[in-house]
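Coordinates in review
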Amino acid sequence: MTLDHLVRLTLGATLLACVLAVLALRAYAAGRAQRRELVARLSATPTTPAADSRRLARLDRWLRRTGPGRRLGHRLAATGLDVTVGEFTVAVLALVTGLWIVAQSLLAAFFGPLAALLGLWAAATFLSWQRNKRIEKFINQLPELARLLANGTQAGLALRTAITLAAEEMDAPAGEELGKVSDALALGHSLDDALGELAERLPSRELVVLVTTLVLSHRAGGQVVGSLRNLTDTLEQRKETRREVRTQLSQVMMTAYAVPLIGLAVLLLMDRAGSGVLDRMTSTFVGQAAVVIAFGLYAVGFFVIRRLSRIDV
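Small disclaimer: the values here were computed from a predicted structure and weren't measured.

Calculation notes
Residues numbered from 1 in each chain as written. Predicted model: local features only at pLDDT ≥ 70, side-chain atom pairs only at ≥ 80, totals over all residues. Heavy atoms only, no water. Helix = DSSP H or I, 4+ residues; strand = E, 2+ residues; numbered from the N terminus. Buried < 20%, exposed > 50% of the residue type's maximum accessible area, 1.4 Å probe, protein only. Contact = heavy atoms within 4.5 Å. Areas by Shrake-Rupley, 256 points an atom, 1.4 Å probe, with all protein chains shown as cover. Axes fitted to C-alpha atoms, helices over the stretch in contact; angles between N-to-C directions. Parallel < 35°, antiparallel > 145°, perpendicular 65-115°, else oblique. Nonpolar A, V, L, I, M, F, W, Y, C, P; charged D, E, K, R; others polar. Core = buried A, V, L, I, M, F, W, Y, C linked by side-chain atoms within 4.5 Å. Patch = residues over 30% accessible without salt bridge, like charges linked within 9 Å, V, L, I, M, F, W, Y side chains within 5 Å. Salt bridge = Lys/Arg side-chain N within 4 Å of Asp/Glu carboxyl O. pLDDT = per-residue confidence, 0-100.

1. Some words on the overall build of the protein
- Across its full length, the protein holds 13 helices and 0 strands.
- Of the regular secondary structure in the protein, the N- to C-terminal order runs α-α-α-α-α-α-α-α-α-α-α-α-α.
- In the protein, which comprises 313 residues, the share counted as buried stands at 31%.
- Residue pairs at least 24 apart in sequence account for 67% of intrachain contacts in the protein once pairs closer than 6 positions are excluded.
- Carbon and sulfur atoms provide 64% of the accessible area of the protein, an area that totals close to 19400 Å².

Encoded structure:
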């Protein structure tokens, strides 16, 4: 082989390698872009919109990189609120600051930090209330969900296809949660893992029963239709029972909220009865300790009443 042929062969191999490298880079870039688009589409649901298009986007991205921010993001996702981590954090800081200033102005300087702690507790309680409210709404949709899945499987559809159709037919939050399950199945997750994640996001006995029924029927290849028909009747009965229990306990719940409000009203009456009474009372260690103990007792009474009125159905 002459030197001229060797040079041509080397140039040809180099050119071919460059072309293959360019094609590989293009394929890699296209795959990365598709992955980012898929992640953005799955994360930018109606309940958790993309952070880049919202207010306080930079703060939201910074908070989500921290551990508490990620945990707060998970809690917000479970509530279904149309709010980002950054927006919620700024709102809570504004609430805490406002309560501090108002309590310090109306009562005494000692009550400012107590009011700020009360604001933090109110924010956490609000998230828990929204989450429980969404779970309750989802539980009320479970009979309809079981009925749709039973009709789909009876019509000859696969369970995965029936879940996708049910996600399109049902309203939020069941439609949104089933949409997440359908997306997880499309990404290659197993049915057991996708339904298990659903049960973790919205924990309830009814949902655990439904998920267990679907998983066992899918594994064993049993009759899904008959199991879902029986489960639909059971869920309807539990739905009515839960409504009756909630109605019977409504007065007890009002008592639980009235107890701490009575304590706050007593403080306001004391301050109005004599100007500067609260300032003089909280100027000593004994007075501050008495106020803290009183608030603690009111909090204990609130939680005890809530605990006694909690009936698992």
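2. Observations concerning the packing of helix 3 (residues 67-79) against helix 5 (residues 111-154)
- The interhelical angle for the contact between helix 3 and helix 5, taken along N-to-C directions, is 40 degrees, at an axis separation of 8 Å. It follows from the interaxial angle that helix 3 and helix 5 lie oblique. Across from Leu72, Arg75, Leu76, Ala77, Ala78 and Thr79 in helix 3, the residues of helix 5 making contact are Ala124, Leu127, Ser128, Gln130, Arg131 and Arg134.
- Residues belonging to the contact of helix 3 with helix 5 are distributed by class as follows: 6 nonpolar, 3 polar and 3 charged.

3. Observations regarding the environment of Leu214
- In this structure, Leu214 sits in helix 9 (residues 205-220).
- Relative accessible area serves as the criterion here: at 3%, Leu214 is assigned to the buried category.

4. Focus on the nonpolar core
- Judged by nonpolar contacts, the single largest core of 33 residues is most densely connected at Phe138, Leu145, Leu149, Ile163, Leu195, Leu207 and Leu210.
- Those elements that provide at least two residues to this core are helix 5, helix 6 (159-169), helix 7 (174-186), helix 8 (191-201), helix 9 and helix 10 (224-248).
- Ignoring sequence-local partners within four residues, the contact set of Leu195 consists of Ile163, Val181, Val211, Leu214 and Val215.
- Core analysis: the next-biggest nonpolar cluster, separate from the first, contains 12 residues, Val83, Val92, Val96 and Ala116 among them.

5. Some remarks on a nonpolar patch on the surface
- A grouping of Leu15, Leu16, Val19, Leu20 and Leu23 is seen on the molecular surface, where their side chains present a nonpolar patch of about 480 Å² in accessible area.
- Within the element layout of this structure, Val19 appears in helix 1 (residues 3-43).
- Of the residues examined, Val19 reaches a relative accessible area of 41% and is grouped as partly exposed.

6. Some details on the confidence of the model for the protein
- In the predicted model, the protein carries a mean pLDDT of 79, and 87% of its residues have values of at least 70.
- The spread of mean pLDDT over the elements of the protein runs between helix 1, the lowest at 69, and helix 4 (residues 85-106), the highest at 88.

7. Examining the pattern of salt bridges
- Enumeration over the complete set of coordinates arrives at 5 salt bridges.
- Among the salt bridges present, the one from Glu176 reaches Arg134, with a minimum N-O distance of 2.7 Å. Residue Glu176 is found in helix 7, and its partner Arg134 is found in helix 5; the two are separated by 42 residues along the sequence.
- A relative accessible area of 7% places Arg134 in the buried class.
- Here Glu177 ties to Arg134 by a salt bridge, and the two come within 2.7 Å at their closest N and O atoms. You can see Glu177 sitting in helix 7 and its partner Arg134 sitting in helix 5, a full 43 residues away along the chain.
- Residue class for Glu177 comes out buried when judged on its relative accessible area of 1%.
- What emerges from the salt-bridge pattern is a single network uniting Arg134, Glu176, Glu177, Lys180 and Arg201.

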